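# Fold and contact review
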Amino acid sequence: MKAKKKLSFIDKIILWLNGLLCFALLLSYLAPVVDPKTFWLIAFFGLAYPLLLIGNIVFVVFWAIRRSRYVFVSIICIAIGYNVLANNLQLRLSDSFSAGPNSSVVHMMTYNVHNFKRYGSGNDISTKRDILEMINENHPDVIGFQEFYTRNVGQYDMRDSILKIMNTTWYYFEPVLANSQEALGLAIFSKFPIVAHGNIPFASKMSENSCVYIDVKKGDKIFRVYSLHLQSIRFDPEDYKYLNSIANKGKTEGSSARRLGSKLKLAFIKRSDQVVKIKEHAAKCPYPYIISGDFNDTPASYAVNQMAKGLKNAFRESGSGFGRTYNGDFPNYQIDYIMTSPQFDVHNYLIIQKKLSDHYPVKADLVLK
């Protein structure tokens, strides 16, 4: 390929835009390692990584068609961020792993069930039934729920329904909101005996953003399962309305953009602190462990990458595609994860693409060595 001896004025503008997009992509590679408390602006480049990647791929195609050596500008920038790319995209065939009858496999699932209702609607019996049927079809040994809702009696006694489906009596539920009739919080259900449990509050008062854990015994082995819900962005209806106006009409408005930016900034910083608390707790764990749940952050984020240090990311180990787990109104990213300590091997990672909640359930077969 050859660059033209003299670029036209339009080509110079395109090359300048290409360079600007490459620079933004390179900045996004700092997001996984720069603490938002130190320099929060970098976190926004990490959030934009998928769009920046797509933009650079468009320039690769453009210069390739022009048979210009400028094609390598974006190719080199994309290659520099291979590690970030691998956390966002995996290209592999399905795993042929099959667990034997006496295997040490743990069928792990995590699911933000959004109170057992479809996104943007109220509770309806069909959604609840579909979720229970999906759980029954996938036979999890352990499942962690975020935004778990249950009533004490009646059709929405979800605690009782899931115990029956899993044919178990073992569970741990930590309500964050409760009254005499119903409760909302984090829950973990297990087919294996629970020998201990606890929670890691992120603030003095328990909220939906917190972490619970159980120690379970499978055969002669004990392992721990953390189920977490990191800081939510807490968008209001007006925020979603603004996002929809951008998506549909391309209209932006200064005060709305600042309001959204402020909420994102605060969430980035809070998740940074929450990850530190969980990592410190897990470092003292005497058993192999699994960290799963709704991280509310992307594969190019500081929170996700700090949590993954020293652990196996199930998507990277055995997933395929872009790994999208969120299907609500905000840009659809991978924000739900299963990670394990090194004593586990990861097989058969799957995102179950049934749009029942605003999240897809995620499952993986984990073999305890």
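Above this text is the structure in question.
What you are looking at is a predicted structure, and each value in this text was computed from that prediction instead of being measured.

Cut-off values and rules
Numbers given to residues run from 1 along each chain, matching the order in which its sequence is written. Where totals are concerned, whole chains, interfaces and linings use all residues; where local detail is concerned, this predicted model gives features only for residues with pLDDT of at least 70, and gives and counts side-chain atom pairs only at 80 or more. Based on all heavy atoms of the structure, the side-chain values leave hydrogens and waters out of the count. Throughout this description, buried means an accessible area under 20% of the type-specific maximum (1.4 Å probe, protein chains only), exposed means over 50%, and partly exposed covers the range between. Secondary structure elements follow DSSP: runs of H or I of four or more residues count as helices, runs of E of two or more count as strands, with numbering from the N terminus. Between two residues, a contact is recorded if the distance between any of their heavy atoms is within 4.5 Å. Whether two strands pair depends on DSSP finding at least two bridges between them. Any N or O atom pair separated by 3.5 Å or less is treated as a polar contact, with the protein-specific requirement of one donor-capable and one acceptor-capable atom, and with residues adjacent in sequence counted only for side-chain atom pairs. Axes, fitted as lines to C-alpha atoms, cover a helix only where it is in contact. Angles between the N-to-C directions of the axes lie from 0 to 180 degrees. Any angle that is under 35 degrees is reported as roughly parallel, and any over 145 degrees as roughly antiparallel; angles of 65 to 115 degrees are reported as roughly perpendicular and all others as oblique. Helix crossings fall into two classes, left-handed where the near helix is turned counterclockwise from the far one by less than a right angle and right-handed where it is turned clockwise. Following the grouping adopted for this structure description, the nonpolar residues are Ala, Val, Leu, Ile, Met, Phe, Trp, Tyr, Cys and Pro, the charged ones are Asp, Glu, Lys and Arg, and the polar ones are all others, Gly among them. Residues enter patches when they are more than 30% accessible in relative terms and free of salt bridges; like-charged ones are connected within 9 Å and nonpolar ones (Val, Leu, Ile, Met, Phe, Trp, Tyr) within 5 Å. Using the Shrake-Rupley algorithm and a 1.4 Å probe, accessible areas are obtained, with residue cover drawn only from the displayed protein chains. Every case where a carboxyl oxygen of Asp or Glu lies within 4 Å of a side-chain nitrogen of Lys or Arg is listed as a salt bridge. Any two of the Phe, Tyr and Trp rings considered here, Trp counted by its six-membered ring, make a pair once their centres fall within 6.5 Å; the pair's planes then place it as stacked at under 30 degrees, edge-to-face at over 60, or tilted in between.

## Topic: helix α7 (residues 158–166)
Each α-helix winds once per 3.6 residues, and so residues spaced three or four apart point in a common direction. Considered for burial, the residues of α7 that qualify are M158, S161, I162, L163 and M166. On the buried face of α7, the contacting elements are α6 (125–138), β2 (142–151), β3 (170–178) and β4 (182–190). One or two steps after α7, the chain reaches N167, where phi turns positive at roughly 55°.

## Here's the deal with the sheet that holds strand β9 (residues 312–313)
The strand order β5-β6-β7-β8-β10-β9 describes an open sheet built from six strands, whose pairing is mixed. Single-partner strands in this sheet number two, and they are β5 (194–200) and β9. Where strand β6 (residues 211–218) meets strand β7 (residues 221–229), eight bridges bridge the pair, whose relative direction is antiparallel. Note that in β7 the partner of Y213 across the bridge is Y226.

## Observations concerning the side chain of D297
Within the element layout of this structure, D297 appears in the loop between β8 (289–294) and α10 (302–308). Residue class for D297 comes out buried when judged on its relative accessible area of 5%. Of note is the side chain of D297, whose polar atom sits 2.9 Å from the side chain of R271. Dropping the residues within four chain positions of it, D297 is found in contact with F268, R271, A303, V304, Q334, I335 and Y337.

## A closer look at the sheet that holds β2
Overall, mixed pairing links the six strands, which are arranged β3-β4-β2-β1-β12-β11 in an open sheet. In this open sheet, the two edge strands, each paired with only one partner strand, are β3 and β11 (344–351). Strand after strand, the sheet turns through a mean of 25° between neighbouring axes, direction not considered. Summarising the sheet, strand β1 (residues 105–112) and β2 pair through five bridges and their orientation is parallel. Following the sheet pairing, T110 is matched in β2 by G144. Against the sheet, α6 makes contact with β1, β2 and β12 (362–368), and its axis sits at roughly 165° relative to β1, the strand it touches most.

## Points about the packing of helix α3 (residues 49–65) against helix α4 (residues 71–80)
Where α3 meets α4, the closest approach of the two axes is 7 Å, and the angle between their N-to-C directions is 150°. Classed by the angle they form, the pair α3 and α4 counts as roughly antiparallel. The element α3 and its partner α4 pack so that their crossing is left-handed. In this structure, α3 contributes L53, N56, I57, F59, V60, W63 and A64 to the contact, and α4 contributes V71, S74, I75 and I78. Along the lines of polarity and charge, the residues of the contact of α3 with α4 split into nine nonpolar, two polar and no charged.

## What to know about a nonpolar patch on the surface
A surface patch of nonpolar side chains, about 660 Å² in accessible area, is lined by F9, I10, I13, W16, L17 and L20. Take F9: it is sitting in helix α1 (residues 9–28). For F9, a relative accessible area of 65% puts it in the exposed group.

## Brief notes about the packing of aromatic side chains
This model, assessed by the stated rule, comprises 19 aromatic pairs. With a centroid separation of 5.5 Å and an interplanar angle of 75°, the aromatic rings of F116 and F148 are classed as edge-to-face. Linking F116 in the loop between β1 and α6 with F148 in strand β2, this pair joins segments that are 32 residues apart in sequence. Like F148, F116 is buried. The interplanar angle of 50° and the centroid separation of 5.6 Å between the aromatic rings of F148 and F189 together place this pair among those described as tilted. Of this pair, F148 sits in strand β2 while F189 sits in strand β4, and the two are 41 residues apart along the sequence.

## Some remarks on the pattern of salt bridges
Scanning the entire structure with this criterion turns up 10 salt bridges. Note that D11 and R66 form a salt bridge whose closest N and O atoms lie 2.8 Å from each other. Here R66 lies in the loop between α3 and α4 and D11 lies in helix α1, a separation of 55 residues in the sequence. The exposure class assigned to R66 is partly exposed, which follows from its relative accessible area of 31%. The salt bridge involving D215 is made with R224; its shortest N-O contact spans 2.6 Å. Overlapping salt bridges bring together D35, K37 and D273 as one network.

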